[in-house]
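Listed here are the chains, written in short residue letters.
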Amino acid sequence: MILCCGEALIDFLPRKTAEGAAAYEPVCGGSVYNTAIALGRLDVPVGLFTGLSTDFFGDMLRDGLKTSKVSLAYIKDWERPSTLAFVKLSKGHARYSFFDDNSAGRMLTRRDLPILQKKVQALHFGSISLIPEPGGDTLEALMKREAKTRVICLDPNIRPGMIKDRRRHVARLNRMIAMADIVKVSDEDVAWMTGKDDAKAAARKWLKLGPEVVVVTRGGKGVEAFTAQGSMSMAAQKVKVADTVGAGDTFTAGLLTALRAMKLLDKKKLSVLAADDLALALGFAAKAAAITCSRPGANPPWSRELV
C-alpha cells in the first residue's frame, strides 16, 4: 500500500448558471487527495492519512475516496470544518483562495499519528498541509518516524498565497527533502523555493541532501529528471488542454504506479535506478497527467484508459 499524507479539501470551481450568472461548483480536491484518488484509479492499493470533517463536505470527500478505491483506515473523523479553496482559472492555470482556519486536516497533532501496517511500503507527502501548524509539524514528524524503513515521496506543490513565512516553509521543505527518496516539483516550485528557474542546479543541491530521484515538471514543456547517475528530459504529451487542475498530482501517482509495477518502489533499488526504467516511469506518468489535462477539473484516469 501507498499511504498519501496530507490535505483533502473542497475546491469551488468557477461555472456559469443557465442564465449566464457567475457561480461556483463544489468538487473534491486537494493535491494529496488527488494523488490518492489517482493511485486508486490506477489499481494501486492506497490509503489517505488526514483529518476529515463530519460535515457534508467531509461526506463528499469520503464518497470520492470510496468510489476510487482509497482506504479510509487512516482517516481521523471529527467535528471541525472542512478546508475550502476557491479557484480562479486564467489561461488554463489555477489560482487559489483558501479557507483553512481550525479545519479538520490542519488541526492534526502528533497524538493523531497512525500506527502503520507492514503492508505500507511507501508514503507520499505534500502541498498546503505542510504549511500551517500544528498539521505541518505532525506530517513532518510522521515522515521523520518512517523515513528509514519506507520509501518517501514529496511534492511541495507550492501555493504562495497561503505561505506567510517563506523562510520557515523553505526550511521545512529542505528538512523533508533530505528525508525523501523521490522529490517531484514543478518549475514554478523550483523558482519559488530557490529564486531561480534553474532546475539542474536545484536538483543537484537536493540530491546531495538525500533523495535518489528529483523530477521537475514543466507543463507543456515536458519533464526533467535527475539522479546521481545523470539526468534526462522528456517532451510533454500532446493533448488539447481543458485545464491543468490535478495534472501534477496525477503525474506523481503515475510515477509511483509505474515504479511499483516494475518492483522498483524500494529504497535500495531507487538508489541504483536505471535510466531506461526511469524513462518508462516518466512516460507512464506523463500519459496519465495528459489525460487529466484533457478534461475539466481534477479527474484522473482509470487504469483501463492507459492500456
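Residues numbered from 1 in each chain as written. Predicted model: local features only at pLDDT ≥ 70, side-chain atom pairs only at ≥ 80, totals over all residues. Heavy atoms only, no water.

Remarks on helix H7 (residues 247-261)
Alright, step 1. Taking 1.5 Å as the rise per residue, H7 with 15 residues should run 21 Å; its terminal C-alpha atoms sit 21 Å apart, in good agreement.
Alright, step 2. Burial runs high along H7: twelve of the 15 residues are buried.
Alright, step 3. Looking only at H7, the buried set comprises Ala247, Asp249, Thr250, Phe251, Thr252, Ala253, Gly254, Leu255, Leu256, Thr257, Ala258 and Leu259. (Helix = DSSP H or I, 4+ residues; strand = E, 2+ residues; numbered from the N terminus. Expected span 1.5 Å × (residues − 1). Buried < 20%, exposed > 50% of the residue type's maximum accessible area, 1.4 Å probe, protein only.)

Things to note about the nonpolar core
A general trend in soluble globular proteins is that nonpolar side chains are found buried together.
Alright, step 1. Core analysis: the biggest nonpolar cluster contains 46 residues, and Leu3, Cys5, Phe49, Leu123, Phe125, Leu154 and Trp206 have the highest contact counts within it.
Alright, step 2. When residues no more than four places from it in sequence are discounted, the contact partners of Phe125 are Cys5, Val32, Leu139, Leu142, Met143, Ile152, Cys153, Leu154, Asp155 and Met176.
Alright, step 3. Leu61, Ala258, Leu265 and Leu282 belong to the second-largest nonpolar core, a separate cluster that totals 45 residues. (Core = buried A, V, L, I, M, F, W, Y, C linked by side-chain atoms within 4.5 Å. Contact = heavy atoms within 4.5 Å.)

Examining the pattern of salt bridges
Alright, step 1. Considering all chains together, one arrives at 19 salt bridges under this definition.
Alright, step 2. The salt bridge involving Arg15 is made with Glu25; its shortest N-O contact spans 2.8 Å. Of this pair, Arg15 sits in strand S2 (residues 9-16) while Glu25 sits in strand S3 (residues 22-29), and the two are ten residues apart along the sequence.
Alright, step 3. Since its relative accessible area comes to 33%, Glu25 is described here as partly exposed.
Alright, step 4. Asp43 serves as the salt-bridge partner of Lys69, at 2.5 Å between the closest nitrogen and oxygen. Linking Lys69 in the loop between helix H2 (56-67) and strand S5 (70-71) with Asp43 in the loop between helix H1 (31-41) and strand S4 (46-53), this pair joins segments that are 26 residues apart in sequence.
Alright, step 5. You can call Lys69 partly exposed: its relative accessible area is 44%.
Alright, step 6. Within the structure, one salt-bridge network assembled from shared partners comprises Glu133, Glu140, Arg168, Arg172 and Arg175. (Salt bridge = Lys/Arg side-chain N within 4 Å of Asp/Glu carboxyl O.)

Some remarks on the side chain of Ser53
Alright, step 1. Following the sequence through the fold, Ser53 ends up in strand S4.
Alright, step 2. A distance of 2.5 Å separates a polar side-chain atom of Ser53 from the backbone oxygen of Arg80.
Alright, step 3. Aside from chain neighbours lying at most four places away, what touches Ser53 is Gly58, Arg62, Trp78, Arg80, Pro81, Ser82 and Ala104. (Polar contact = N/O pair within 3.5 Å; in protein donor to acceptor, adjacent residues only side chain to side chain.)

Focus: the layout of surface pockets
Alright, step 1. One number sums up the size of the second largest pocket: a volume of about 410 Å³.
Alright, step 2. Elements supplying a minimum of two residues to the lining of the second largest pocket: strand S8 (93-99) and helix H4 (166-179). (1 Å grid on protein atoms, 1.4 Å probe; cavity = no way out; pocket = protein on both sides within 12 Å on 5 of 7 lines; lining within 4 Å. Points joined across faces, edges and corners; volume = space filled by probe spheres on them.)

Remarks on the pairing of strand S10 (residues 151-155)
Alright, step 1. Extensive coverage of S10 is indicated by the burial of five of its five residues.
Alright, step 2. Residues Val151, Cys153 and Asp155 line one face of S10 and the alternating positions Ile152 and Leu154 line the opposite face, and both faces are buried.
Alright, step 3. Pairing of strand S9 (residues 122-126) with S10 involves five bridges; the strand directions are parallel. The residue bridging Ala122 from the neighbouring strand is Val151, located in S10.
Alright, step 4. With helix H3 (residues 135-146) bridging S9 and its parallel neighbour S10, the resulting β-α-β unit is right-handed.
Alright, step 5. In this fold, the crossover linking S10 to strand S11 (residues 182-186) by way of H4 has right-handed handedness. (Pairing = 2+ DSSP bridges. Right-handed = clockwise from strand over helix to strand, strands pointing away.)

Quick word on the packing of aromatic side chains
Alright, step 1. Per the stated rule, a full pass over the model turns up five aromatic pairs.
Alright, step 2. Here the aromatic rings of Phe12 and Phe86 are separated by 4.6 Å at their centres, their planes lie at 10°, and the arrangement is stacked. Of this pair, Phe12 sits in strand S2 while Phe86 sits in strand S7 (residues 83-90), placing them 74 residues apart in sequence.
Alright, step 3. With relative accessibility at 11%, the residue Phe12 sits in the buried group.
Alright, step 4. For Phe86, a relative accessible area of 29% puts it in the partly exposed group.
Alright, step 5. Seen from their ring centres, Phe56 and Phe57 are 4.5 Å apart, and the 50° between their planes marks the pair as tilted.
Alright, step 6. These aromatic residues form a ring-pair network of at least three members: Phe12, Tyr24, Phe56, Phe57, Phe86 and Phe99.
Alright, step 7. Above the plane of the ring of Trp78 lies Arg80, whose end atom (NZ or CZ) is 4.7 Å from the centre.
Alright, step 8. Over the ring of Trp192 we find Arg166; its NZ or CZ atom is 5.0 Å from the centre of that ring. (Phe/Tyr/Trp six-rings, centres within 6.5 Å; stacked < 30°, edge-to-face > 60°. Lys NZ or Arg CZ within 6 Å of the ring centre and 35° of its normal.)

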